[in-house]
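Letter by letter, the chains look like this.
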There are 8 protein chains.
Amino acid sequence: MNPEQLHDLLEKVKSGEIGISEALDRLRLMPYEDIGFAKLDHHRSLRRGFGEVVLCKGKTPDQVAGIVKRMAPLGTTMATKASPEVFDAVRQVAPNARYHHLAGLIVVGDPVPVKTEGYVLVVTAGTGDIPVAEEAAVTAETMGSRAERAYDVGVAGLHRLLDCKDKLLGANVIVAVAGMEGALASVVSGMVDVPVIAVPTSVGYGASFGGLAALLGMVNSCSPGVSVVNIDNGFGAGYLASLINRRIGVRH
Amino acid sequence: MNPEQLHDLLEKVKSGEIGISEALDRLRLMPYEDIGFAKLDHHRSLRRGFGEVVLCKGKTPDQVAGIVKRMAPLGTTMATKASPEVFDAVRQVAPNARYHHLAGLIVVGDPVPVKTEGYVLVVTAGTGDIPVAEEAAVTAETMGSRAERAYDVGVAGLHRLLDCKDKLLGANVIVAVAGMEGALASVVSGMVDVPVIAVPTSVGYGASFGGLAALLGMVNSCSPGVSVVNIDNGFGAGYLASLINRRIGVRH
Amino acid sequence: MNPEQLHDLLEKVKSGEIGISEALDRLRLMPYEDIGFAKLDHHRSLRRGFGEVVLCKGKTPDQVAGIVKRMAPLGTTMATKASPEVFDAVRQVAPNARYHHLAGLIVVGDPVPVKTEGYVLVVTAGTGDIPVAEEAAVTAETMGSRAERAYDVGVAGLHRLLDCKDKLLGANVIVAVAGMEGALASVVSGMVDVPVIAVPTSVGYGASFGGLAALLGMVNSCSPGVSVVNIDNGFGAGYLASLINRRIGVRH
Amino acid sequence: MNPEQLHDLLEKVKSGEIGISEALDRLRLMPYEDIGFAKLDHHRSLRRGFGEVVLCKGKTPDQVAGIVKRMAPLGTTMATKASPEVFDAVRQVAPNARYHHLAGLIVVGDPVPVKTEGYVLVVTAGTGDIPVAEEAAVTAETMGSRAERAYDVGVAGLHRLLDCKDKLLGANVIVAVAGMEGALASVVSGMVDVPVIAVPTSVGYGASFGGLAALLGMVNSCSPGVSVVNIDNGFGAGYLASLINRRIGVRH
Amino acid sequence: MNPEQLHDLLEKVKSGEIGISEALDRLRLMPYEDIGFAKLDHHRSLRRGFGEVVLCKGKTPDQVAGIVKRMAPLGTTMATKASPEVFDAVRQVAPNARYHHLAGLIVVGDPVPVKTEGYVLVVTAGTGDIPVAEEAAVTAETMGSRAERAYDVGVAGLHRLLDCKDKLLGANVIVAVAGMEGALASVVSGMVDVPVIAVPTSVGYGASFGGLAALLGMVNSCSPGVSVVNIDNGFGAGYLASLINRRIGVRH
Amino acid sequence: MNPEQLHDLLEKVKSGEIGISEALDRLRLMPYEDIGFAKLDHHRSLRRGFGEVVLCKGKTPDQVAGIVKRMAPLGTTMATKASPEVFDAVRQVAPNARYHHLAGLIVVGDPVPVKTEGYVLVVTAGTGDIPVAEEAAVTAETMGSRAERAYDVGVAGLHRLLDCKDKLLGANVIVAVAGMEGALASVVSGMVDVPVIAVPTSVGYGASFGGLAALLGMVNSCSPGVSVVNIDNGFGAGYLASLINRRIGVRH
Amino acid sequence: MNPEQLHDLLEKVKSGEIGISEALDRLRLMPYEDIGFAKLDHHRSLRRGFGEVVLCKGKTPDQVAGIVKRMAPLGTTMATKASPEVFDAVRQVAPNARYHHLAGLIVVGDPVPVKTEGYVLVVTAGTGDIPVAEEAAVTAETMGSRAERAYDVGVAGLHRLLDCKDKLLGANVIVAVAGMEGALASVVSGMVDVPVIAVPTSVGYGASFGGLAALLGMVNSCSPGVSVVNIDNGFGAGYLASLINRRIGVRH
Amino acid sequence: MNPEQLHDLLEKVKSGEIGISEALDRLRLMPYEDIGFAKLDHHRSLRRGFGEVVLCKGKTPDQVAGIVKRMAPLGTTMATKASPEVFDAVRQVAPNARYHHLAGLIVVGDPVPVKTEGYVLVVTAGTGDIPVAEEAAVTAETMGSRAERAYDVGVAGLHRLLDCKDKLLGANVIVAVAGMEGALASVVSGMVDVPVIAVPTSVGYGASFGGLAALLGMVNSCSPGVSVVNIDNGFGAGYLASLINRRIGVRH
């Protein structure tokens, strides 16, 4: 029941077309989102303008294609952690789908237009972190932010990080992607005064325990201004970064 | 060596007052921050305007007082996880210190002036989470943001959360503080379109494992837009929330 | 806004006393629980008849007393993990409060009347598990169930367990409380055909890791019919057991 | 030795047909279950009416088929976590076997007749949780309960959950299946007054640690009325849910 | 009901003093241990000759004293992890109680007589492991074994261990007690051909994680012949060692 | 340098054939085992009579075959965790090799003759534990013990376990093999007065965490007399059981 | 900007060729390493003489080949954890590449010349640890150290370790490689007075938890002089060992 | 039996004073260390020159005093993790004992003379890490190394670290002490070409899990040249650093 239907109901109550008791019953069962709670409206508009995001992991190519087919007409649709096989299946139902190989990301439909001059900077400690970083960067771009990249600037060679200080200082939000000990987030955060979203990655071996070491390192960051998302969750970081970036607008 | 000193040095090279070789030596040893790398300037200004933050845990009252004494003249100074004993010691050296009992937070000096209409909303799942929440709220306030509170609105009674939907929808950033399973962050994030900073707390017992359960739950949030700080790290959440809030300005 | 108020609103719409637009606005902001969603009504009735439960851990005696004072007039109120100090404070504001020493449980007000012949059986592996078991048993009793006890019947001496087979076979629900390896739940469950609610306890030392070993053991139970609550969560087990028991009624 | 045989033995002692010493020996070795301990009788009847359940994981198709062949004549038989290859092998020995693809569940024989009007409701947070949910639902159905489903109603979009409130409020028992942070169980439990059996799933990646995050979240549920089974253990949840549902009968 | 009583019952059946039906009833409820199942006989004799063992941890001095008072008349009684306060309370009810300070062990009554020439050897890596080692040694002695000790022979100084090779080679069973990395068990086991019972201790700090590192090390021992008991469980090791030693008798 | 060589050396010193200084040098470098330290003699005899044991995991078939080829002439040789491919390679170099499929165990050469009437009993909780159990049983048999088996007697159906009480009570040592919660070891140990060697298995899924749950459960056994080896380490349990069994000889 | 360029800049300031303001700008942006900070010079020389090291894990053969192609002209280049497929790809772009099969290590270019008489000794507990050990040994050799090996000298047979005492006592640094309980490092360290670098390996199964047990064991080493690198990180150990060895020079 | 005694024995064999058989017996039992195995000689000299080190944790003041009393006459003696109470007890038996309050370190006797120009540098991330750092520094000094300190130079403010680059570049070995995420070790190691010994500390709260986060971070360091000791093990780091430093001698 949307506001129009509610309006209509009240009209009918007023005109006596339906009794109070029946109106009461209808209202009692009225779907929650229909009474105008802003979030849900927003949620709908989000769904329309951007669509939901499909996590391909644990779904067959056919299942993903089926979901995308249903969602794509409603707006831009993303599918994360997608293999080439999944893309092949998606392409059958959505010919305009684009596949970002490195990121394992499928985007169907146009990105949200960029309305802000500011940008999201995605940095990585190593080259092995790039797939997750691309997932973040492409997500941010698809959601209406400009994204800059500075890859392979890990703390074991500080000069590499210092070389990209301009990019660091100009960003509205920074996504720091790192596996192993995950120290990049703290070091970067100590150099800037903007939010740093840390993404631990499962890059590494042995006591990296699939990203646990990086996750714990980042959560314990000694530098305020750092917050953390799930291991390998480039999508989540890009989504959040774009959310903040679009709010901030141009940086002065 | 600040830019003025660098300018002066170059003047002296130009005038021949000092030789090139000596200038070379000085430049070689020149403290990094002195060549104008913006962050460090910013860092200084941050130190001046706001000062560093002392983590009292693991320090004696005298040690904390000693540090505060040195820092307070430089600007507003905060000390976190402070016991009443620590406050007694700090008050000796900083008579204008204020103690936020619930938050275990000492603030010396004036808060950064609020320049934005938007606010940070701090929500908690239970009453046991309030100390950490107050740490977040007071930190945000001290750093120049308005902070609103909505406490004890955990997901086991959704109506409590839904009752404060206006506060939720009006916020620029939300800090969600919860122990046990930490579900509050996901539910809140699903209702709004602003960044949610999740703070797991060590509230609970048994398999909460000192906040580990809440931390893992929040990091695995099924709702994009959530990022996480350390267990009980209200300060870090408030700092980051204020960072974002001040950037955003008024929300339209 | 309760149903009566909603009825009144519709009456006014019908009579033209208030316009449709204004009615729309009021309905839009109408507190969720007021439109008659059964659960919330039930929730209210639950609150009235039984009251909420206060977890004392992490609260000062004064805080607990304050909460109890506010809640006790609304119905029976329980406070769990309560020390004698907490009870002293509670007694000041609720003279009829009773303290169950072993269980660390405060009950204010009358128990829900028992309306079913069936009973909840609480068994423990050792004597060290009794405090948690009493928390479960008293909770079940307070919530309207008869509770039987069979303590110190751990699997290292099967004959002790077999000796109480009548109690086991007569129960509607069994709460199995055990620390260390938590094997009691599986063995009991294999002997009966009723739900077994397993409560791991932090009893033990070394590799019991505060109850983790028992928790994992119980979650991995090889016997279907077992489900698990948090370590030391006697309250949760008693609550759930009573919920089931009251539904079942007499056992045939 | 069953009661009849025991009776016969005593007769012979009385008549002097066998001596006391020999009777003593026989009694000494008397199988425990034969002296009428109800559970074991019940166990036998359970075996007859329902049969045991084979966990296929870690067994070859031939091994599973061999076990099913032996058990199927005794009553309805289930095999869980079964691959299509296992089903092919089972079909050779039990032509009436049915395979539930999504659930990976083989059922041989007729379900237990449904004798109660009440139903078990199985809800999932996401689509990835459906295989485990189906394992629960089909198990409950096979064991004599009606099962309803409400899938993909995770807490990140509360309106989806609220949309199925009627199903929620009408259920006798609810099985809540969720991976990632497992918040669904708490939220659902807060809306109803029936037992909620939480099933953590291994859906997710990174810090979900194969379902550990969801398991911890559910065990720490802030809502009483929730208990937990093993990760991905849809069978166990369905079994327990049906156990409770059949006991309760019609809900008033 | 012991064998004599059973004999008596059968006599009465034979003589007609009691009817078959009544005999049947008595047998049906006959306590399990009474029908002569050897273990339970042994259990009784164990209880009589040796008594149960009380884990003091988590019990008040009064509770321990109460248990000991009830058990001591039945045979030798031990109480482990006992503080001096507990001993004071026990001494009130059992004046002949002896307290082994280092081991935190109370023994009431005479040790089981030593009937074998062989001995249990208890070795420790460091001096900090001695309390746990003494718990093992005194337990073995109380249970009827001779115990030898070789303390502070950790692997960081092999010569210390090699110096006691005669003791090592002469033992029937060896209890190896070590914290930190727990390497002692493997090294000792590699030098002998008798069972080595490894006891990890909580000695150490940091990444010893309360004995977890030693436990894992010992469980992973590269030397066959090693098995492990719980962290700090000297009692369990001494009990098991004596069990084996008494069986073996003199070593040739 | 063996005792004979040492004798020879001393002869030469006595006869003056070699000087004291040279003798001193030779003795200084004398391999440790050559001076008659009993263990090492024993070790040699063990190597000769039984040979070392090859863990195939992590070695290629060719590597295992190479090692077996070198060792087999010295005595009976075992290779554990061997795939059929490994056996094919081993058979090329040791035609008399036998492969125990279930156990994944290769034995080359004759078993050590059985000289004791007593036996090792291997019990399992489920059928999935049988491969590990067979590894234990065949190892014990190869090392000179009689082995009995009682499989699938898990605690969820106590009657199955009680049915084999004669086997339990007659054993010299019991190896209890169980995955999931590992409760079997405690229950068995409570029924007998012989050592129980517990083997946790990786059977199970979800929160069994590859056998961790069973390992913790067994280490925390509430029944003294239980000790534990590594997860899936049937070989180690069989080795240790045979070590004890051969020592004990006939049980009286 | 190198020192020469800086000198040139100052010359131009002195001569007035460029103004102070422009010089200031250039200095402000001057790449950090160019002002002569020793480390970065060293880093360059390191890069030239030795090149960076590529971790192949998580990269495709083509990606590794691409990186090697770019780096090889600058100096000796290593690629670790390389499969034969990776080597095939690398060989296309670097025909002089050598592949160390056991170590999974590719080396392109000449090793750093050996300038010291001392050597690095690499020891392993078992044969399964050899791949990691070879990674360490070849790395040390490539970096300019002589490397000796002593493999399969685990602590379960001390005589094997004692047999290689000369090698142990002659080394400048020892790399101790061991899985399972990792006891080798402590035992070796107790026999020598040189640094021991411990490398835990993922060799083992069950509770070795992929090397965690060995890691914890080594970190808890009771012998001072031991430090630890990541699980399976032979490269890191060899690198560090060579670093120390080259510094020490000949050992007296 | 020392070399002189061995010489004497051989003399007597030569002269016929004792027979070969008797000589054989004596040699067979000859204590291992007496035949001149260098390490043990060294060990003795180490004990004489430096003495052992007492870990006070878990020992009573009297026990520590007793050990020190026995050891002090043999050479310099250290006691770590010592409380003031322990020091009071030690002072009674060793009046020349010195107490390093911050480090919790007692030193009895003179430090080993410094014979090398090079120094050990101890750096910390924060002020809370200083006690552990002092333990390292004083240990290194006591063992014959010069120690420099650079405290509170954590990576969240890189300029602080860069400010002490001269100290960093001049060191022979660096001990990097840090809690929380432990990033300091990687960053420092990337700036120098000397060994970095990382000491994780238990400083921090929440997800630092008593130093586990820092330990994992340091073990996963992306910079070769880093190795790790136990959490809070300043002594071990200082010992190892001095071992390396004394070997290297002056740095060129």
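Residues numbered from 1 in each chain as written. Chains lettered and ligands numbered in written order. Predicted model: local features only at pLDDT ≥ 70, side-chain atom pairs only at ≥ 80, totals over all residues. Heavy atoms only, no water.

A. Broad picture of the sheet that holds strand β2 (residues 77-80) of chain B. Residue and element names in this part refer to chain B. Ordered by their spatial adjacency, four strands build an open sheet running β1-β2-β4-β3, and the pairing between neighbours is mixed. In this open sheet, the two edge strands, each paired with only one partner strand, are β1 (53-55) and β3 (98-100). Strand-to-strand twist in this sheet, taken as the mean axis angle between neighbours without regard to direction, amounts to 20 degrees. By the bridge criterion, three bridges tie β1 to β2 in an arrangement that is parallel. Along β2, the bridge assignment pairs Val54 with Ala79. (Pairing = 2+ DSSP bridges. Helix = DSSP H or I, 4+ residues; strand = E, 2+ residues; numbered from the N terminus. Axes fitted to C-alpha atoms, helices over the stretch in contact; angles between N-to-C directions.)

B. Expanded view of the relation of the copies chain C and chain D. Between chain C and chain D, which share one sequence, the superposing operator has a rotation angle of 179 degrees and an axial displacement of 0.2 Å; the RMSD is 0.3 Å. Considering both components of the superposition, the chain copies are consistent with a two-fold axis. When each C-alpha of chain C is compared by its distance to the rotation axis, Ile248 of chain C comes out closest, at 2.1 Å. (Least-squares fit on C-alpha atoms with pLDDT ≥ 70 in both.)

C. Just the confidence of the model for chain A, in detail. Residues and elements named next belong to chain A. Per-residue confidence for chain A averages 82 on the pLDDT scale, and 84% of its residues sit at or above 70. Considering each helix and strand of chain A separately, the mean pLDDT is smallest for helix α3 (residues 38-49), with a value of 34, and largest for strand β8 (residues 196-200), with 97. Across residues 28-49, confidence stays below pLDDT 50; counting only partners more than four residues off in sequence or on other chains, it has 50 contacts. In the predicted complex, the global pTM is 0.85; the interface-specific ipTM is 0.81. (pLDDT = per-residue confidence, 0-100. Contact = heavy atoms within 4.5 Å.)

D. Representation of unusual backbone geometry in the model. All names here are of chain A. Non-glycine residue Lys81 carries a positive phi angle of around 50 degrees. Along the polypeptide, Lys81 turns up in the loop between β2 (77-80) and α5 (84-93). Owing to a relative accessible area of 27%, Lys81 belongs among the partly exposed residues under this scheme. For Phe209, which is not glycine, the phi torsion reads 45 degrees and is therefore positive. Mapped onto the secondary structure, Phe209 falls in the loop between β8 and α10 (212-219). (Buried < 20%, exposed > 50% of the residue type's maximum accessible area, 1.4 Å probe, protein only.)

E. A look at the packing of helix α4 (residues 61-71) of chain B against helix α5 (residues 84-93) of chain B. Residue and element names in this part refer to chain B. Interaxial distance between α4 and α5 falls to 8 Å at its minimum, and their mutual angle equals 35 degrees. For the crossing formed where α4 meets α5, the hand is right-handed. In this structure, α4 contributes Pro61, Val64, Ala65, Val68 and Lys69 to the contact, and α5 contributes Glu85, Val86, Ala89, Val90 and Val93. The residue makeup of the contact of α4 with α5, split by class, is eight nonpolar, no polar and two charged. (Left-handed = near helix turned anticlockwise from the far one by under 90°. Nonpolar A, V, L, I, M, F, W, Y, C, P; charged D, E, K, R; others polar.)

F. Spatial organisation of α5 of chain A. Residue and element names in this part refer to chain A. Buried within α5 we find Val86, Phe87, Ala89 and Val90. Taken end-on, α5 shows its buried residues confined to a sector of 165 degrees, consistent with a single buried face. Elements that come into contact with the buried residues of α5 comprise α4 (61-71), β3 (98-100) and β4 (105-108). (Arc of directions from axis to C-beta.)

G. View of the sheet that holds strand β3 (residues 98-100) of chain E. Residue and element names in this part refer to chain E. Read across the sheet, four strands follow the order β1-β2-β4-β3 without closing on themselves; strand pairing throughout is mixed. Sheet topology places β1 (53-55) and β3 at the edges, where each strand pairs with a single neighbour. Adjacent strand axes in the sheet meet at a mean angle of 20 degrees, parallel and antiparallel pairs treated alike. Contacts from helix α5 (residues 84-93) reach β3 and β4 (105-108), with the element oriented near 15 degrees to β4.

H. View of the packing of aromatic side chains. Residue and element names in this part refer to chain A. Tallied over the entire structure, the rule returns 16 aromatic pairs over all chains. Ring centres 4.9 Å apart and planes at 15 degrees place the aromatic pair Phe87 and Tyr99 in the stacked group. Of this pair, Phe87 sits in helix α5 while Tyr99 sits in strand β3, and the two are twelve residues apart along the sequence. Grouping residues by exposure puts Phe87 and Tyr99 together as buried. (Phe/Tyr/Trp six-rings, centres within 6.5 Å; stacked < 30°, edge-to-face > 60°.)

I. Representation of the pattern of salt bridges. For the structure on display, the rule yields 48 salt bridges over all chains. The closest approach of N and O atoms between Glu134 of chain F and Arg149 of chain F, which form a salt bridge, is 2.7 Å. Taken together, the residues span a long stretch of sequence, with Glu134 of chain F in helix α6 (residues 130-142) and Arg149 of chain F in strand β6 (residues 146-150) at a distance of 15 residues. Note on Arg149 of chain F: relative accessible area 25%, which makes it partly exposed. As a salt-bridge pair, Lys81 of chain H and Glu135 of chain H come within 3.1 Å of each other at their nearest N and O atoms. Of this pair, Lys81 of chain H sits in the loop between β2 (77-80) and α5 (84-93) while Glu135 of chain H sits in helix α6 (residues 130-142), and the two are 54 residues apart along the sequence. Take Glu135 of chain H: its relative accessible area is 1%, and that puts it in the buried class. Linked by salt bridges that have partners in common, Glu134, Glu141 and Arg149 of chain A make up one network. (Salt bridge = Lys/Arg side-chain N within 4 Å of Asp/Glu carboxyl O.)

J. Geometry of the pairing of strand β2 (residues 77-80) of chain G. Residues and elements named next belong to chain G. Burial along β2 is two-sided: the residues Thr77 and Ala79 and Met78 and Thr80 are all buried. The sheet contact formed by β2 and strand β4 (residues 105-108) spans three bridges and is antiparallel. Looking at the pairing, Met78 lines up with Val107 of β4.

K. Seen up close, the interface of chain C and chain D. Chain C puts 33 residues into the contact, and the matching count from chain D is 34 residues. Interface area, chain C with chain D, both sides summed: about 3,200 Å², of which 69% is carbon and sulfur. On the surface where chain C and chain D come into contact, there are two salt bridges. Residue Asp193 of chain D pairs with Arg247 of chain C through a salt bridge whose shortest N-O separation is 3.6 Å. Along the contact surface separating chain C from chain D lie four residue pairs in polar contact (both at pLDDT 80 or more). Counting only elements with at least two residues in the side of chain C that touches chain D, the list comes to α3 (38-49), α8 (165-170), α9 (184-191), α10 (212-219), β9 (226-228) and α11 (234-248) of chain C. With seven residues, the single largest contributor to the side of chain C that touches chain D is α11 of chain C. In terms of residue class, the side of chain C that touches chain D is made up of 21 nonpolar, seven polar and five charged. (Buried area = accessible area lost by both parts, 1.4 Å probe. Polar contact = N/O pair within 3.5 Å; in protein donor to acceptor, adjacent residues only side chain to side chain.)

L. Expanded view of the packing of helix α6 (residues 130-142) of chain A against helix α11 (residues 234-248) of chain A. Residues and elements named next belong to chain A. Running from N to C, α6 and α11 cross one another at 35 degrees; their axes reach a closest spacing of 7 Å. Of the two elements, α6 crosses α11, and the hand of that crossing is right-handed. Listed contacts from α11 to Val132, Glu135, Ala136, Thr139 and Ala140 of α6 are Gly234, Phe235, Gly238, Tyr239 and Ser242. Residue classes in the contact of α6 with α11 are distributed as five nonpolar, four polar and one charged.

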